[in-house]
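Here's the letter readout for the chains.
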Amino acid sequence: MNEMVEMTLMEFEDNLNKQYDRLLDEFLTIRVGRANPRLIENIKVDYYGTRAPLMQTSNITVQDARMLVVTPYDVSTLRDIKIGIESANLGVSVSDDGKIIRVGFPMLTEERRREYTKDAKKLLEEAKIAMRNARRDCLDVFKDMKKNSEISEDDYATLDKEVQKKLDTFTDKADASCEKKIAEIMEV
């Protein structure tokens, strides 16, 4: 196959990988009953007059299964950081002792677990749509190549099958990851 075909296939696979990795990152932000720094690290807080992600203003550690400890780099910003966490409406309890902030995660209710399950399915569907769009873009390049007689009709049919096979592989991986995430969410 020519260089353009190889490059297009590599770009397509790279795009699928990016979409899959993004999906896994998004899954990390869904709460599963255990404290995870990813749940709060991107909360925007006031920090010296600007809005900054929490992870740039503080050290976030896991104290136990349902407690995170936020240690501001500058203790004078503790109050603003606490207010930022509280205003994120995560359903967590926030307390401070003047030096650190404790973020407690209550047990999830059945209703809340079902909401998180819906969120996971929505993220999965968005990832699949992005993957299908990548397939369409890839096949458009091959259609143009076929129209310009750069590849034959048979080559196009072979490439179409190869692209679909790669897409199926990634959507199957995404489905499996979603099933795993849903199992984590529903675990009591």
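Keep in mind it's a predicted model, so treat the numbers as computed, not measured.

Engineer: Please clarify how the overall build of the protein should be interpreted in this entry.
Structural biologist: The secondary structure content of the protein amounts to 4 helices and 6 strands. Going from the N terminus to the C terminus, the protein shows its helices and strands as α-β-β-β-β-α-β-β-α-α. A compact globule built from 188 residues should have a C-alpha radius of gyration of about 16 Å, whereas the protein, at 23 Å, is more than 25% larger. Along the three orthogonal principal directions, the C-alpha set of the protein runs to about 70 × 40 × 20 Å. Across the 188 residues that make up the protein, the buried fraction comes to 38%. Excluding contacts between residues fewer than 6 apart, the proportion of contacts in the protein whose partners are at least 24 apart in sequence is 63%. If you sum the accessible surface of the protein, you get close to 11000 Å²; carbon and sulfur atoms cover 49% of it. Of the charged side chains in the protein, 31 are positive and 37 negative, and the gap between their average positions amounts to 6 Å.

Engineer: I'm lost on helix α2 (residues 78-87) in this one. Help?
Structural biologist: In an α-helix, one full turn covers 3.6 residues, which means residues spaced three or four apart are oriented alike. Buried within α2 we find Leu78, Ile81, Gly84 and Ile85. The arc that holds every buried residue of α2, seen down its axis, measures 125°, which confines them to one face. Considering only its buried residues, α2 is in contact with β1 (44-47), β3 (58-64), β4 (67-72), β5 (93-96) and β6 (101-104). Immediately downstream of α2, the backbone of Asn89 shows phi near 50°, a positive value.

What counts and what doesn't
Residues numbered from 1 in each chain as written. Predicted model: local features only at pLDDT ≥ 70, side-chain atom pairs only at ≥ 80, totals over all residues. Heavy atoms only, no water. Helix = DSSP H or I, 4+ residues; strand = E, 2+ residues; numbered from the N terminus. Rg over C-alpha atoms; globule rule 2.2 N^0.38 Å. Buried < 20%, exposed > 50% of the residue type's maximum accessible area, 1.4 Å probe, protein only. Contact = heavy atoms within 4.5 Å. Areas by Shrake-Rupley, 256 points an atom, 1.4 Å probe, with all protein chains shown as cover. Lys, Arg positive; Asp, Glu negative; His and termini not counted. Charge placed at Lys NZ, Arg CZ, Asp CG, Glu CD. Arc of directions from axis to C-beta.

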